[in-house]
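# Breakdown of the fold
For reference, the chains in residue letters:
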Amino acid sequence: MEARAYLRHARISPRKVQIVLDLIRNKPVDVAMAILKNTPKAACEPLEKLLKSAAANAENNHNMDKNNLYVAECFVTPGPTLKRIRPRAQGRAFHVLKRTSHVTMVLREKE
């Protein structure tokens, strides 16, 4: 039995999200929450909300015990990229790629 939660179109680069996801993979939910609260990264705030959502899904939809949950899987895939143009010197234009992320978090119960 597993509980999933998705975060789609997050306006943060997948590389930045991946660093934080590596910190919480295979950790119990309460430890993962503490890590997210005390890590000074931009990705932590949306990931904290996602973890709370996944825990609520597990508890309410699947009748899982909140104290036995751990982060079984978490991964990020690139979402659509917003393409913008930045004016530069001598009439040139530089392309700016504003990347987005799709994050998936899966919680399971310890046996």
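### Focus on the overall build of the protein chain
Along the protein chain, the regular secondary structure elements total three helices and five strands. In sequence order, the protein chain lays out its α and β elements as β-α-α-α-β-β-β-β. Here the C-alpha atoms of the protein chain give a radius of gyration of 17 Å, more than 25% beyond the 13 Å that 2.2 N^0.38 yields for 111 residues. When the backbone C-alpha atoms are referred to their principal axes, the protein chain occupies close to 65 × 25 × 15 Å. Taken over 111 residues, the protein chain has a buried fraction of 35%. A total of about 7200 Å² of accessible surface is found on the protein chain, and carbon and sulfur atoms cover 50% of it.

### Focus on the environment of V76
Note on placement: V76 falls in strand β2 (residues 69-78). Each C-alpha atom, one on V76 and one on P14, is 6.2 Å from the other, the two residues being 62 residues apart in sequence. Among residues more than four places away in sequence, those in contact with V76 are P14, V17, Q18, L21, S101, H102 and V103.

### Some words on the packing of aromatic side chains
A full pass over the atoms with the stated rule returns zero aromatic pairs. It is R88 that lies over the ring of F94; its NZ or CZ is 4.6 Å from the centre.

### Here's the deal with the pattern of salt bridges
Scanning the entire structure with this criterion turns up six salt bridges. For E48, the salt bridge identified is with K37, shortest N-O distance 2.8 Å. Placement of the pair is E48 in helix α3 (residues 44-61) and K37 in helix α2 (residues 29-38), with a sequence separation of 11 residues. A single network of salt bridges, built from pairs that share partners, joins E2, R4, E73 and R108.

### Topic: α2
An α-helix turns once per 3.6 residues; consequently, residues spaced three or four apart project the same way. Looking at α2, one finds that the buried residues are V29, A32, M33 and L36. Along α2, the residues classed as buried sweep out an arc of 100 degrees about the axis, all on the same side. Looking at α2, the residues exposed on the side facing more than 90 degrees away from the buried face are D30 and N38. The inward-facing, buried residues of α2 contact α1 (14-24), α3, β2 and β5 (101-109).

### Overview of the sheet that holds β2
Neighbouring strands of a sheet are bound in pairs by backbone hydrogen bonds; such pairs are parallel or else antiparallel. Taking strand neighbours across the sheet as the criterion, the three strands line up as β1-β5-β2 in an open arrangement whose pairing is antiparallel. The sheet terminates laterally at β1 (2-10) and β2, the two strands that pair on one side only. With strand direction ignored, the average angle separating the axes of adjacent strands in the sheet is 15 degrees. The pairing of β1 with β5 spans seven bridges and is classified as antiparallel. For Y6, the partnering residue across the bridge sits in β5 and is T104. Packed onto the sheet, α1 meets β2 and β5 and runs at close to 165 degrees relative to β2.

Thresholds, definitions, all that
Residues numbered from 1 in each chain as written. Predicted model: local features only at pLDDT ≥ 70, side-chain atom pairs only at ≥ 80, totals over all residues. Heavy atoms only, no water. Helix = DSSP H or I, 4+ residues; strand = E, 2+ residues; numbered from the N terminus. Rg over C-alpha atoms; globule rule 2.2 N^0.38 Å. Buried < 20%, exposed > 50% of the residue type's maximum accessible area, 1.4 Å probe, protein only. Areas by Shrake-Rupley, 256 points an atom, 1.4 Å probe, with all protein chains shown as cover. Contact = heavy atoms within 4.5 Å. Phe/Tyr/Trp six-rings, centres within 6.5 Å; stacked < 30°, edge-to-face > 60°. Lys NZ or Arg CZ within 6 Å of the ring centre and 35° of its normal. Salt bridge = Lys/Arg side-chain N within 4 Å of Asp/Glu carboxyl O. Arc of directions from axis to C-beta. Pairing = 2+ DSSP bridges. Axes fitted to C-alpha atoms, helices over the stretch in contact; angles between N-to-C directions.

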